[in-house]
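# An overview of the molecular structure
What follows is each chain in one-letter form.
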Amino acid sequence: MNLVFKNFFPQDVTALFVDRRVDFILPVDAVGLSAQQKEFLLQELKLMPEKVFTMRQVHGNKILNIASSDLPQQGSIPDADGMVTNVKGAVLTMRTADCLPVFLCDPKKRCIGLVHAGWKGSRERIVVKGIESLTKNFGSHAGDILVAFGPSIRKCCYEVSEDFQKIFPAEVSRVNDRLCLNLAEANKTQLLGTGVKEENIFDSKECTVCNLKYFSYRRDDERSGRHLSLMVL
Ligand SMILES: [Zn+2]
């Protein structure tokens, strides 16, 4: 089953974290989705591949605003780590295999966004950039924005080196003999700082490493597949 965030986002907003049935990896030389990936979107999710926007994720903090004129073009996948839109029917997509997938939705201004928050993106405060993108482009107020965290590597499995204590002083702590990073907590703290309300943040709390139903880069290295997160207004 795909993980959905039912009853959290408005009824007419689709927010999904696709399970392991299809690997949504984007090879370095790919110019678009593979035939199998397109087939899955069309058959299982009834989504037209030509309305699917994709990006090449580079662990930066750039957020794209997808306008109705930005038709996805084969051969030109933009580098970015987040997308926002207020275009009905535009399918935003993102890939992860341990990084935190963040889903954003402002029910009042009718806009959505996806943010790829690994440790590098979180260091660059990409989730704050995502909120700013909604406020700047669509007039959203942070206090109205709903935020959901999908499955990702969690504190139970995210052992880090001592250097991480400088980057995330409040979110790295000792678990038994190991130093562990709480990536979700780091993003939650950044969100609260923008004015997002605590009750508007939903965390799936799922760990991709200890739960074998998920792809995990840390667990499986190069063999790991990628999960697709998608959102449609
Ligand atoms: Zn775990």
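So, here's what we can say about the structure. (Residues numbered from 1 in each chain as written. Predicted model: local features only at pLDDT ≥ 70, side-chain atom pairs only at ≥ 80, totals over all residues.)

Regarding its fold elements, the protein presents six helices and 13 strands. At 17 Å, the protein has a C-alpha radius of gyration in line with the 17 Å of a compact globule built from 233 residues. For the protein, the spread of C-alpha atoms along the three principal axes comes to 50 × 40 × 30 Å. When the 233 residues of the protein are sorted by exposure, 42% land in the buried category. Of all intrachain contacts in the protein linking residues separated by at least 6 positions in sequence, the fraction that spans at least 24 positions is 64%. (Helix = DSSP H or I, 4+ residues; strand = E, 2+ residues; numbered from the N terminus. Rg over C-alpha atoms; globule rule 2.2 N^0.38 Å. Buried ≥ 20, exposed ≤ 12 C-beta atoms within 10 Å, placed from the backbone. Contact = placed C-beta atoms within 7 Å.)

The subject of this paragraph is the sheet that holds strand E2 (residues 14-17). Strand order in the open sheet formed by five strands is E1-E2-E13-E6-E3, with mixed pairing between adjacent strands. The open sheet terminates on both sides in strands that have one partner only, identified here as strand E1 (3-4) and strand E3 (52-53). Alignment of E1 against E2, held across two bridges, turns out to be antiparallel. Looking across to E2, one finds that Leu3 is bridged to Phe17. (Pairing = 2+ DSSP bridges.)

What follows is about the packing of helix H3 (residues 126-138) against helix H5 (residues 183-194). At a minimum axis distance of 8 Å, the contact between H3 and H5 shows a crossing angle of 35 degrees. The two elements H3 and H5 cross, and the hand of that crossing is right-handed. Residues Val127, Val128 and Ile131 of H3 lie in contact with H5, whose contacting residues are Asn187, Gln190, Leu191 and Thr194. (Axes fitted to C-alpha atoms, helices over the stretch in contact; angles between N-to-C directions. Left-handed = near helix turned anticlockwise from the far one by under 90°.)

This next bit is on the nonpolar core. By size, the foremost hydrophobic cluster in this structure holds 60 residues, and its most contacted members are Leu92, Val102, Phe103, Leu104 and Val147. With residues up to four places along the chain from it excluded, the contact list for Val102 reads Val115, Ala117, Val127, Gly130, Val147, Phe149 and Asn187. (Core = buried A, V, L, I, M, F, W, Y, C linked by C-beta atoms within 7 Å.)

Let us look at the environment of Val4. Take Val4: it is sitting in strand E1. Overall, the presence of 12 C-beta atoms within 10 Å leaves Val4 in the exposed class. Counting along the chain gives 158 residues from Val4 to Glu162, while the straight-line C-alpha distance between them is 36 Å. Those residues in contact with Val4 that lie beyond four places of it in its chain are Ala15 and Leu16.

Turning next to the sheet that holds strand E7 (residues 100-106). Taking strand neighbours across the sheet as the criterion, the six strands line up as E4-E5-E8-E7-E9-E12 in an open arrangement whose pairing is mixed. Every other strand in the sheet has two partners, leaving strand E4 (63-66) and strand E12 (201-203) as the edge strands with one partner each. Mean inter-strand twist for the sheet, computed between neighbouring axes without regard to direction, equals 15 degrees. Across four bridges, E4 lies against strand E5 (residues 82-85) in parallel orientation. Bridge pairing links Ile63 to Gly82 in E5. Packing against the sheet, H3 makes contact with E4, E5, E7 and strand E8 (111-117), and its axis sits at approximately 160 degrees to E8. Sitting on the sheet, H5 touches E7, E8, strand E9 (146-149) and E12, and the angle it makes with E7 is about 30 degrees.

The next point concerns H3. The first and last C-alpha atoms of H3 sit 18 Å apart over 13 residues, in line with the 18 Å expected at 1.5 Å per residue. Regarding H3, the residues found buried are Ile126, Val127, Lys129, Gly130, Ile131, Ser133 and Leu134. At the C-terminal side of H3, Gly139 shows a positive phi close to 75 degrees. (Expected span 1.5 Å × (residues − 1).)

On to unusual backbone geometry. Despite not being glycine, Arg125 shows a phi value in the positive range, around 55 degrees. With respect to the element layout, Arg125 can be found in the loop between helix H2 (119-123) and H3. The exposure class assigned to Arg125 is partly exposed, which follows from the 18 C-beta atoms found within 10 Å. The backbone of Asp221 shows a phi angle near 55 degrees, a positive value even though the residue is not glycine. Position of Asp221 among the secondary structure elements: in the loop between helix H6 (217-220) and strand E13 (227-232). For Asp221, a count of 8 C-beta atoms within 10 Å corresponds to the exposed category.

Scope: geometric values only; no functional claims are made or implied.
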